[in-house]
Amino acid sequence: MVTPVKMHQSVLLLAVLGLVLSYSVTETKEAQESADLVFLIDGSRNLGSDEFQFMRSFIANFIEDLNIGPDAIQVGMVQYSKTPSTVFYLNTYTTKTEVLKAIKNLRQKGGNEVNTGMALQFLVDNHFIPSAGSRADEEVPQVMVLLTSRQSSDDVRRGVFSIKKRGTFTFVLGIADADAAEAKLIATDPSFSMLIPDLHQKASTQQQLMSLFSLVATKQLIIKVEEPKVEVQIPKRDIVFLIDGSSSLGHANFLKICKFISSITENFVIGPDSVQVAVAQYSDAATTEFHLNTHTTQSALQTALKNLRLRGGWTLNTGAALDHIYRSHFATAAGSRKEDGVPQFVVLITGTKSNDDVKQPADILKRSAIMAFAVGGRNADLAELNEIAIDPSLVFNVAEFDSLPDIHQQVLTQLSTLAGVTVVYEQPTAPVKKEMDKRDIVFLIDGSYHTGRRNFADVRDFIATIITAFDIGSDQVQVGLAQYSDAANSEFFLNTYSSKNELVSHVRALRQRGGRTRKTGEALNYVLKYLFTKYSGSRHEEGVPQFLVLITSGKLTDDVRQPSDALLQAGVITLVIGADNMIKQLQEVSSDPSLAFGVKEFRFLPEIQHKVLLSLSTLTGMRKASELPTVQTIKEADKKDIVFLIDGSFHVGDTNLPAIRDFISRIIETLDIGSDRVRVGLVQYSDIAEPLFLLSTYSSKDEILSEINRLTLRGGTVLNTGAALDYVHRYIFTKYSGSRKQEGVPQFLILLTGGRSRDDIKRPADALLRSGVMTIVVGAENAIEQQLQQIALDRSLVYTVDEFPSLPKIQQDVLLPLSTLAGVKMISELPTMKTIKGNKRDVVFLVDGSYNVGTFFYLIRDLIINLIPNFNIAKDKDQISVVQYSDDARIEFPLNAYTNKELILAKTRELRLKGGRRLKTGSALDFVRRNVFSRSGGGRHHLGISQILVLITSGKSLDDVKQPTEELKQAGVVPFVIGIGNVDRQELHQIAYSPSLVFQVDDYWGLSDLDLHLLSISKNVESVPIPPITSPDGDKRDIVFLLDGSAKIGKGFPNVRKFMMKMVDNFDAGAEKVQFAAVQFSESPRTEFYLNTHTTKKQVLAAIKKLKLKRGKKINIGRALDHVIENVFISSAGSRMDNAVPQILLLLTSGESHDDISQQAKKLRKLGIVLFAIGLRDADQSVLEPMAYTDSLAFPVKNFQGLLNIQDRLQQIVKTVAVQIVETPVKDN
């Protein structure tokens, strides 16, 4: 029993720590025993074997008297010395027998240090949490029993604070040289600490502990945690330590620096909602040790700091290192929370003067509001430290690194109290700013390959920083963005986003579009025509200043004067940013020479940031020299196919017919009608649809207007809008009815309706969207707005009026999208990075079961067991499989074996080491792809379910992993890799889907630190990328072989035929499945057979077998591509492009084309045809990449035999191609 006096002493003691604990003793003695009990045991060498055996025996005897079970008492265990390691969790074992067996098998950890403080924090972070079995949320008592042999090597106060703050009962048993004062500090109450100087006193100590534990387990003793009224809490901050890692510093000084960082950081609460810490070290180059978001607990951070090792190197480039952390650490992807307003710090610790310039990178950090501390020792240059630090008060200099503890409190205080830096730019005075709150800013950025990925990231950061300086909103500052190379594409319009967070998020996620040419003039025309319009959100007519910020990476090679003048005349102020050495060219584009800004490199963009902001903030706009072209003038230059679908039912009635006729006529009046310009069709519907005239019927405006004037309603009481949409999709937007969709002409449908549809509208509306038709919807009277929104391309393209006579009010609004939208781009989705769907997954654990693992296998098993409860196991949710491997692989249970979490856990607990002396990881990867992730193995990739592989390995593979890894990724599987001990890091990175999915631990005990981090990544929708899933219609494909038939192929042609036959043999060929066509070319092309010529695999193979080499001296690939576009990828030749079936072109060529191919490659992409470029003989990467859909689809092979080597890889990619519609306007050729 705890006496009142002792309770009072405890209260005083814990008040020092910032906590108040109070107890109450209840009379409820018959309460059900339940508790979560974790033993924390000292495993250091300070304990002899007899003493360690005593501890094991003591714990086993204590547990013998307890009622163990998931609804009674749960037991967990952690062993520690220098670092803590999980032996088992609270939810690992559910029976007393299992727990006692685990204790019996316990082996002493060893180690000279006893870091009890770290171990206490480890318990808080990893054991007293729901996923580890803690039932604290159910008010089950949380109990820790610490068995320790000596005073802690580290400070225990923060660990004590953390564990007691959670209301955990802490008992301390001191053995050997245990410190009595420390034991009382850690224990909940001094009476909860028991010293055992004589091992023979085991029985009495056990009885004393049991009596107290019983009071806790039956809730007769209750602990209440009260927060102190005044609490000083260190707010959120991101801190990056940049350490001198040169050889001149030396190992001893490096360890002193690491200890200094550890002593600073142990004072913080570490976590994604608290303080985050990163470390990089440098000499001639900088290396990231870990990012801000790598370690999310104090124990994980301290372990990582203790594992740091000097990298060495004789040159010290501090400037380059500062640049490295600016780029690699202070970014959202690396964990930086700068965009959320969290203060950003860098602490430089160096011992020598830098060999490179530090001023420029230091200035960039300052302008980016990153607070730099500079700590120097030994030979550090004080002037240089002052140049780096954001303020002289943040410069700390010590004669030797032994003296670092002397500045500990100063550095800690500044890191704890500084609230951040505000970067002040020259802004207009308050009254002027208030008047100028509104502005429309469009960024036009060079996305060509000339820019480069690294520079593109700098541009992204620059734009994001500019945006954060403004008040974003529909009535404040609006921002749009377009990217260009050979053509321009909108990323988002001025009216797309109305919040700063949405804008910055999109900008941060921008991906470089690529392209080898840069057509700046055309891009300028594009933004004027499509972004600075009312429909795109421009408020020019309201007098809001219009700005264009062009950022380009090279010389301007096309005409920019005419589009620059047009922008000027339209009242748009153009700012241009580019390279220093081309400032005169930049001034040709900018509205004024002072608005052209040159930088040496894009990483120095922050240097001109304030100038750009000043211009955007203070300039009031330009009076336009002439009015914008009228709607009609814009129309005359465009080709369009427009179909009107009108409600002809009794819902409309004859009285409304004149208003409808007049509305359609007025729109047609503005159009430039002609067979080679704008074409118009009209369909009327009620219960069924019927055409009044097709797109190809009339070629003059007068004929169309005359036909509309004769329009009468067909009548009918039932309105089947869905059937009518299906009708226009199938029979009107076709080549035979006059549609020019295959030529890239924009397709528009204007629906006018006055009532509710009686049938399904979603499916036909989606089909129209997939086929590239832009639907504008006009609703009146009894039309249902929800239905209208389902039909329209976008909600902004829905227009409603109370009655049909009010149609003239929206006429101008309907004309705007007709004048600004240039099409819905249809693309084929390739194996690129996508996000993991969090609600359904196929997860396969591939586990090293070789003798190399040995007795530590149970720690791998425990890792899996601890992860499983966090998955949603069910037939239509998450599925789990486990496979062991060594020389060969063995399935322990497949994906579809168990749909119940308890069964999977039970089966996993039964796992035993497979054995085997050799480790063949490559073969194992191939095995799981073929036998586990496959449909027959229970895999659900074909249903769109994400697939994850978790590979756990302890050594380097004896076979090749490259090929099976590539095939695994092409099949849509995301590999996570965990390496234990002495593994080949390069091999781990080769197997993992990305570097962030590689986890390495020094020993098997370290696996316990991984489970939660691993789980958080596997569940995070944003951070885990995977290839796309094949569409439900995935078995359908139209595949065309385009074969070089020139003399250069010669005797290699039989190998080409063999390659074709093997490809065909691996698909299910047929009219409703995969269709094949073949075309040969040299100077001219020749079709061998069309997509609809052969309807069975046997027929296709026979046709290929009969192919003879065409011959010819040169090759014209451009002409051949034109031929397949116009004659093979069309519906009459069997193409199912209109039905959203993927269109694939396999081009085999022996060299470079004698004619131009750029326009044809562009056409193919626009049509959504995916070109695979396969190079033979002289066709290398430079020849293939300009033609291929993406660079990754270019396959040069050294010889004809190489065709067969890439066949499997090609086949996998072809099977993953799907069709996707991207709703962004694209420019006509």
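Residues numbered from 1 in each chain as written. Predicted model: local features only at pLDDT ≥ 70, side-chain atom pairs only at ≥ 80, totals over all residues. Heavy atoms only, no water.

## A word on the overall build of the chain
Heads up, the rule is: Secondary structure counts use DSSP, requiring at least four H or I residues in a row for a helix and at least two E residues in a row for a strand, with both numbered from the N terminus. Throughout this description, buried means an accessible area under 20% of the type-specific maximum (1.4 Å probe, protein chains only), exposed means over 50%, and partly exposed covers the range between. By definition, residues are in contact when any of their heavy atoms lie within 4.5 Å.
A tally of helices and strands in the chain yields 40 helices and 42 strands. A burial count over the chain gives 58% of its 1229 residues as buried. When contacts within the chain are restricted to residue pairs at least 6 apart in sequence, long-range pairs at least 24 apart make up 79% of them.

## Points about unusual backbone geometry
Most peptide bonds are trans, and most residues other than glycine sit at a negative phi. Positive phi, normally seen in glycine, also occurs at Glu-139, with a value near 65 degrees. Overall, the relative accessible area of 62% leaves Glu-139 in the exposed class. A positive phi angle is found at Arg-378, which is not glycine, with a value near 55 degrees. In this fold, Arg-378 is placed in strand S13 (residues 370-379). Arg-378 sits in the partly exposed class, given a relative accessible area of 37%.

## Re the confidence of the model for the chain
To keep things clear, this is the line we draw: Within a predicted model, pLDDT stands for the predictor's per-residue confidence, ranging from 0 to 100.
Of all residues in the chain, 87% have pLDDT values of 70 or greater, and the mean over the chain is 82. Scored below 50 in pLDDT, residues 422-436 shows 20 contacts in the model against residues more than four places distant or in partner chains.

## Considering the sheet that holds strand S15 (residues 439-446)
Formally: Any two strands between which DSSP finds at least two bridges are classified as paired. Whenever a helix is involved, its axis is fitted only over the stretch in contact; in every case the axis is a line through C-alpha atoms, and angles between N-to-C directions fall within 0 to 180 degrees.
One open sheet accounts for six strands, arranged S17-S16-S15-S18-S19-S20; its pairing is mixed. Of all the strands in the sheet, just strand S17 (488-492) and strand S20 (596-599) have a single pairing partner and so form its edges. Taken over all neighbouring pairs, the strand axes of this sheet differ in orientation by 20 degrees on average, direction set aside. Examined bridge by bridge, strand S18 (residues 546-551) and strand S19 (residues 572-579) share six bridges and lie parallel to one another. Within the sheet, the bridge partner assigned to Ile-551 lies in S19 and is Ile-577. Sitting on the sheet, helix H15 (residues 453-468) is in contact with S15, strand S16 (477-484), S18 and S19, with an inclination near 175 degrees to S15.

## Comments concerning the pattern of salt bridges
Applicable threshold: In what follows, salt bridge is the name for a side-chain nitrogen of Lys or Arg lying within 4 Å of a carboxyl oxygen of Asp or Glu.
In this structure the tally under the stated criterion is 36 salt bridges. For Asp-726, the salt bridge goes to Arg-730, with nearest N and O atoms at 3.0 Å. Taken together, the positions of Asp-726 and Arg-730, both in helix H24 (residues 721-732) and four residues apart, correspond to about one turn of that helix. Residue classification places Arg-730 among the exposed residues on the basis of a relative accessible area of 51%. Where salt bridges share partners, they join Asp-926, Arg-929, Arg-930 and Glu-967 into one cluster.

## Description of the sheet that holds strand S23 (residues 689-693)
The strand order S23-S22-S21-S24-S25-S26 describes an open sheet built from six strands, whose pairing is mixed. Only two strands of the sheet have a single neighbouring strand rather than two, namely S23 and strand S26 (798-801). Adjacent strand axes in the sheet meet at a mean angle of 20 degrees, parallel and antiparallel pairs treated alike. Examined bridge by bridge, strand S21 (residues 640-647) and strand S22 (residues 678-685) share eight bridges and lie parallel to one another. Within S22, the residue paired with Asp-647 across the bridge is Tyr-685. Its contacts with the sheet put helix H22 (residues 657-669) on S21, S22 and strand S24 (747-753), and the angle it makes with S21 is roughly 175 degrees.

## Side note on the side chain of Ser-262
Structurally, the position occupied by Ser-262 is in helix H8 (residues 251-265). Apart from the residues within four sequence positions on either side, Ser-262 is in contact with Gln-302, Leu-305 and Lys-306.

## Quick word on the pairing of strand S12 (residues 344-352)
This is how the line gets drawn: Consider the strands pointing away from the viewer: the crossover is right-handed when the path from the first strand over the helix to the second runs clockwise.
Where burial is concerned, most of S12 is hidden: eight out of the nine residues are buried. Where strand S9 (residues 237-244) lies against S12, six bridges are found, and the strand directions are parallel. Note that in S12 the partner of Val-240 across the bridge is Val-346. Examined bridge by bridge, S12 and S13 share eight bridges and lie parallel to one another. Counted as the bridge partner of Thr-350 is Gly-376 from S13. For the crossover that starts at S12, traverses helix H11 (residues 359-367) and ends in the parallel S13, the hand is right-handed.

## Overview of the packing of helix H28 (residues 857-867) against helix H29 (residues 901-909)
If you want to describe how two helices pack, look at the angle between their axes and the distance between the axes. Convention followed: Put simply, angles under 35 degrees are roughly parallel, angles over 145 are roughly antiparallel, angles from 65 to 115 are roughly perpendicular, and the rest are oblique. Three classes are used, and their members are as follows: Ala, Val, Leu, Ile, Met, Phe, Trp, Tyr, Cys and Pro are nonpolar, Asp, Glu, Lys and Arg are charged, and the others, Gly among them, are polar.
Look at H28 against H29: their axes get within 10 Å of each other, and the N-to-C directions meet at 175 degrees. Relative to H29, H28 is oriented roughly antiparallel. From H28, Arg-861, Ile-864 and Ile-865 reach across to H29, where they touch Leu-905, Thr-908 and Arg-909. When its residues are assigned to classes, the contact of H28 with H29 shows three nonpolar, one polar and two charged.

## A few points about the environment of Pro-593
Mapped onto the secondary structure, Pro-593 falls in the loop between helix H19 (583-589) and S20. Sequence separation of Pro-593 and Leu-575 is 18 residues, and the distance between their C-alpha atoms is 9.2 Å.

## So, helix H25 (residues 762-770)
Inclusion rule: Picture the helix axis, draw a direction to every C-beta atom, and the arc is the one those directions span.
Restricting attention to buried positions, one finds in H25 the residues Pro-764, Ala-765, Ala-767 and Leu-768. Projected onto a plane normal to the axis of H25, the buried residues spread over an arc of 160 degrees and lie on a single side. Buried residues belonging to H25 abut H24, S24, strand S25 (773-780) and helix H26 (785-791). In the segment just after H25, Gly-772 is the residue with positive phi, at about 90 degrees.

## Observations regarding the nonpolar core
Filter applied, for reference: Residue types Ala, Val, Leu, Ile, Met, Phe, Trp, Tyr and Cys, when buried and joined through side-chain atoms within 4.5 Å, form a set referred to as a nonpolar core.
Grouped together as the largest cluster of nonpolar side chains are 123 residues, with contacts concentrated most on Phe-39, Leu-147 and Phe-171. At eight residues, helix H2 (residues 49-64) tops the list of elements feeding residues into this core. Excluding residues within four positions of it along the chain, Leu-147 makes contact with Phe-39, Leu-40, Ile-41, Asp-42, Met-55, Phe-58, Ile-59, Leu-173 and Ile-175.

## Structural notes on the packing of aromatic side chains
Within a pair of aromatic rings, the relevant descriptors are the distance that separates the centres and the angle that separates the planes. Here is the rule: Aromatic rings from Phe, Tyr and Trp, taking only the six-membered ring of Trp, are treated as a pair when their centres fall within 6.5 Å; an angle between ring planes under 30 degrees marks them as stacked, one over 60 as edge-to-face, and anything in between as tilted.
Across all of its chains, the model carries 17 aromatic pairs by this definition. Between Phe-39 and Phe-62, the ring centres sit 6.2 Å apart and the planes meet at 85 degrees, which makes this aromatic pair edge-to-face. Here Phe-62 lies in helix H2 and Phe-39 lies in strand S2 (residues 35-42), a separation of 23 residues in the sequence. According to the relative accessible area criterion, Phe-62 is buried, its value standing at 0%. Here a set of aromatic residues connected by ring pairs shows up, and it is made of Phe-39, Phe-62 and Phe-213.

## Considering the pairing of strand S29 (residues 841-848)
For S29, a buried count of eight out of eight residues is recorded, marking the element as mostly surrounded by other parts of the structure. Burial of the side chains of S29 extends over both faces: Arg-841, Val-843, Phe-845 and Val-847 are buried on one face and Asp-842, Val-844, Leu-846 and Asp-848 on the other. As paired strands, S29 and strand S32 (residues 946-953) are joined by seven bridges and run parallel to one another. Bridge pairing links Val-844 to Leu-949 in S32. Relative to strand S30 (residues 879-885), S29 runs parallel, the two sharing seven bridges. Considered in S30, the bridge of Val-844 is made with Ser-881. Read from S29 through H28 to S30, the crossover connection turns out right-handed.

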